[in-house]
Amino acid sequence: MDKNNQNILAIYSYVDLLVSSIKELKKKGFENIRVFSPSPNREIEDALDTGEEPSKVKYFTLCGAILGV
């Protein structure tokens, strides 16, 4: 079975278990990892870091808020 066609669904009660699982999956070569969380968590974002440049949307939002005021 090809790694690109595999799906894994898991529910974690603790963030540290989730983060360690993400790191293990990345070590094994999985690249397209999605995490759904009820609230933002910096540890999860760091574990999912793909090395891509962050989105510039927040800067446009800030400029719009300042101009709106």
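Just above, that's the structure.
Residues numbered from 1 in each chain as written. Predicted model: local features only at pLDDT ≥ 70, side-chain atom pairs only at ≥ 80, totals over all residues. Heavy atoms only, no water.

Trainee: Help me out: how do you make sense of helix α1 (residues 15-27) in this one?
Mentor: Turn by turn, an α-helix covers 3.6 residues, leaving residues three or four places apart pointing in a common direction. The terminal C-alpha atoms of α1 lie 19 Å apart, and with 13 residues this matches the ideal 18 Å at 1.5 Å per residue to within 8%. Turning to α1, its buried residues number three or more, namely Leu-18, Val-19 and Ile-22. All buried residues of α1 project into a common sector of 100° when viewed along the axis, lining one side. Residues of α1 that are exposed and point over 90 degrees away from its buried face: Asp-16 and Lys-27. Following α1 by one or two positions, Gly-29 adopts a phi angle in the positive range, close to 100°. (Helix = DSSP H or I, 4+ residues; strand = E, 2+ residues; numbered from the N terminus. Expected span 1.5 Å × (residues − 1). Buried < 20%, exposed > 50% of the residue type's maximum accessible area, 1.4 Å probe, protein only. Arc of directions from axis to C-beta.)

Trainee: Before we go on, may I ask you to explain the layout of surface pockets in this structure?
Mentor: Taking a probe equal in size to a water molecule and rolling it over the atoms shows the remaining empty space. Of the volumes computed, that of the largest pocket is approximately 930 Å³. Along the wall of the largest pocket there are 29 residues; nearest its centre are Ile-8, Leu-9, Ile-33, Arg-34 and Val-35. Per-element tally for the lining of the largest pocket: the top contributor is α1, with five residues. Residue composition of the lining of the largest pocket, grouped by class: 16 nonpolar, ten polar and three charged. As a volume, the second largest pocket reaches approximately 170 Å³. What lines the second largest pocket is simply Arg-42, Glu-45, Asp-46, Leu-48, Asp-49 and Thr-50. The residue inventory of the lining of the second largest pocket, partitioned by class, reads one nonpolar, one polar and four charged. (1 Å grid on protein atoms, 1.4 Å probe; cavity = no way out; pocket = protein on both sides within 12 Å on 5 of 7 lines; lining within 4 Å. Points joined across faces, edges and corners; volume = space filled by probe spheres on them. Nonpolar A, V, L, I, M, F, W, Y, C, P; charged D, E, K, R; others polar.)

Trainee: Which parts of the structure should I look at to understand helix α3 (residues 57-68)?
Mentor: If you check α3, its first and last C-alpha atoms are 16 Å apart, about what twelve residues at 1.5 Å a residue would give, namely 16 Å. With zero of twelve residues buried, α3 is to be regarded as a mostly surface element.

Trainee: I tried to follow the nonpolar core on my own but got confused; where do I start?
Mentor: Ranked by size, the top nonpolar core spans seven residues in total: Leu-18, Val-19, Ile-22, Phe-30, Ile-33, Ile-44 and Ala-47. Elements with a minimum of two residues in this core: α1 and α2 (42-47). Ranked by residues supplied to this core, first place goes to α1 with three residues. If sequence neighbours within four positions are ignored, Leu-18 has contacts with Tyr-12, Val-35 and Ile-44. (Core = buried A, V, L, I, M, F, W, Y, C linked by side-chain atoms within 4.5 Å. Contact = heavy atoms within 4.5 Å.)

Such coordinate-based values are descriptive only and should not be taken to indicate function.
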